[in-house]
Each structure stands twice: as C-alpha cells, then as structure tokens.
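What follows is the residue order along each chain.
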Amino acid sequence: MTSDPVIDVEGLTKSFGRFRALNGIDLRVEAGHVHGFLGPNGSGKSTTIRVLLGLLRADGGTARVLGGDPWRDIVDLHRRLAYVPGDVSLWPGMSGGEAIDLLGSLRGGLDEQRRRELVERFDLDPTKRGRQYSKGNRQKVAIVAALASDVELLILDEPTSGLDPLMENVFREVIRESKAGGTAVLLSSHILAEAETLADRISIIRDGRIARTGTLTELRGDARTSIHATLQRIPAPHELAALHDVRVDGDRLSATADADRIGDAMTLLAPYGLSSLVVEPPSLQSLFQELYDSDSGADAVTP
C-alpha cells in the first residue's frame, strides 16, 4: 500500500488582477523523493511555493501539504517542514549560530550533533553577525538550520544561490542524506545540473502550467542522442542514413541518433577508422531549452 504524497496539488489557480500566475497546476511529491521544480522567472514557480507555504491563498484547485491545508494549518505545517529561499535575510545583530538556533526552535528544535556536523561541512563561522555575512554565507545559515531540523519536507527555492562549486557539492551530499532518511524535497533551481543529479522526478512549469513532468528518462522520451566522432575517413552522405543533423568538420563528425539506433550508428562508423567517440544522451539542459524554444508553446507539449 502506497503512502499519501507529501505534496498533492491538483488544478491550482491563482490570479493577480488580470494576470493568471497559475493556470491549473498539478504537482505530486512523494516521501523520500527529490522533485525538481523548474522554470524561468515569471513561470509560476514562486507563486506555487508561496501557496504551499501558506503565504498566498489559491483561487481554485486543491493543495495538500503533509496531509494538511497550507492556508488553514500553516502553524502546524511549519513545524514539520523547512524552507530555504534564494535570497536569505538575517537579523543584522544576531550571530549566525543564534539565527540557526532560533529558526530551529520554530520547528521544535535541532539535532545538535547534526548541526555541528553541518556547520563544519559548510565551513561556516557561526560567531559572525548577520551584517558580516556574504550572500553565500547567509545561504549556509538557512541551509544548516533547515537540514539540522527533524522535518518531513524541505522546500528549497534556489538554495545554492551564492554558494561556490565546492559548497554546491556539499549541498548535494547532504540532500542525498536527507532523502535517504525519508525526507521529501521540492527543489526549485536554475542550476539544471543540480536537478539532473538530485531529482527522482522533474516538473517543468511554463506560463502557469506544468508543461512536462516525469523522471529524466521519461522526459528524454524520443529525444535523440548526440554523437561526436573523429574518423580517418568520412562516410559518403548516403551511408549516413541512420544519423540525423550530420555535420562534418575535417576529420570530425557530429550527428544525432534515435535512442534505439545507437548500436547501428556505432556499427556504421567503426569501419571508417574510429579514433575517438563521445556519446551524449539528451541532458536536462537541452530538454529544457527545446521546450522553451518551441514555437508551438506549452499546450503542444505532451507530458
């Protein structure tokens, strides 16, 4: 028997005057899963998150968070979830450690051992005052406070904004640990590689609608794989029928192939003195770009 989803949204709508920010959002996040929530500024991500946090009341549809109504049950729910925004503001005169403890107390306390461990792993000086922190260090304070709390749901909106690549790697490690412990994560990020690495499922939002949702494998669907080869001889054009988008530059050939024709492509190229080969399945970046470059719009996209 499957458990109820941690986040269950159906047909969510929200307007600001004549502007329709959300136009029938469906979103489902399971316990112990990381769900990537992707879209550019103005697509409806932040509005959706604010509804889930109980900061906005939806006009229509339903939203359930941890089995409760985020608008009516906001106090109880905020003891069971943690939120990290993309631009953290701290109390100027309060130290980072004091801010971590205060934020943790709002959720019923912190795991002190986990707190110390995270402070060390994120290389955070908790004795500095809020006014002394850089943007990246303010993010670290919020991340430590969230991840040291015993919560069932993490809602992360551009959480690594301002972090350097080393700290981004630490962040990914601790999110995997939280997931392994059964915590659900809704991750909104402009860093597509972050979502690609961490997310079990991904939803791409466009113009207030979910344009695509699924695992990365499902989103790739029939998208073609890129092939880059260095050859001693270039085949004649008629011999490249199994390939698409063929481009030749000297002894280098670039092309794409359907997912079920990769073996055929390798067999085709091998007799021509194949000295190097790179095969790249479609990345989340390419899928995202394809969706947003499409002239046909979100309504023409098949989930």
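Data block above holds the structure.
Here the structure is a predicted model, which means the values were calculated and not measured.

(A) Structural view of helix α6 (residues 165-180). In this model α6 runs 23 Å from its N-terminal to its C-terminal C-alpha over 16 residues, within 8% of the 22 Å that 1.5 Å per residue would give. Regarding α6, the residues found buried are M167, E168, V170, F171, R172, V174, I175 and S178. N-cap assignment for α6: the residue whose side-chain oxygen lies 3.1 Å from the backbone N of L166 is D164.

(B) Broad picture of the nonpolar core. I100, F122, L154, L156 and I175 are the most contacted members of the largest nonpolar core, which totals 45 residues. No other element matches the seven residues that helix α5 (residues 135-147) contributes to this core. Beyond its immediate sequence surroundings of up to four residues, I100 is in contact with L110, R115, V119, L124, V141, V144 and A145. Judged by nonpolar contacts, the second largest core, of 25 residues, contains V6, I7, I49 and V51.

(C) Spotlight on the pattern of salt bridges. On inspection of all chains with the given rule, the structure shows 20 salt bridges. Taking the shortest distance from any N to any O, the salt bridge between D264 and R261 comes out at 2.6 Å. One connected set of salt bridges, linked through shared partners, spans R114, E117, R121, E173 and E177.

(D) Main features of unusual backbone geometry. Residue L66 is not a glycine yet carries a positive backbone phi of 55°. Note on placement: L66 falls in the loop between β4 (60-65) and α2 (74-77). On the accessibility criterion, L66 (13% relative accessible area) is buried. Even without glycine at this site, D207 takes up a positive phi of about 50°. Its relative accessible area of 56% is what places D207 among the exposed residues.

(E) Region of interest: the environment of R79. Structurally, the position occupied by R79 is in the loop between α2 and β5 (81-84). Separated by 25 residues in the primary sequence, R79 and G104 have C-alpha atoms spaced 9.2 Å apart. Beyond its immediate stretch of four places on either side in the chain, R79 contacts L106, R107, G108 and V151.

(F) Representation of the side chain of S189 in the model. Here S189 lies in the loop between β7 (184-188) and α7 (192-198). Of the residues examined, S189 reaches a relative accessible area of 3% and is grouped as buried. Within the structure, the side chain of S189 is placed 3.0 Å from the side chain of E194, a separation counted as a polar contact. With residues near it in sequence (within four places) discarded, S189 still touches F37, L38, E158 and E194.

The rules behind each value
- Residues numbered from 1 in each chain as written.
- Predicted model: local features only at pLDDT ≥ 70, side-chain atom pairs only at ≥ 80, totals over all residues.
- Heavy atoms only, no water.
- Helix = DSSP H or I, 4+ residues; strand = E, 2+ residues; numbered from the N terminus.
- Expected span 1.5 Å × (residues − 1).
- Buried < 20%, exposed > 50% of the residue type's maximum accessible area, 1.4 Å probe, protein only.
- Polar contact = N/O pair within 3.5 Å; in protein donor to acceptor, adjacent residues only side chain to side chain.
- Core = buried A, V, L, I, M, F, W, Y, C linked by side-chain atoms within 4.5 Å.
- Contact = heavy atoms within 4.5 Å.
- Salt bridge = Lys/Arg side-chain N within 4 Å of Asp/Glu carboxyl O.

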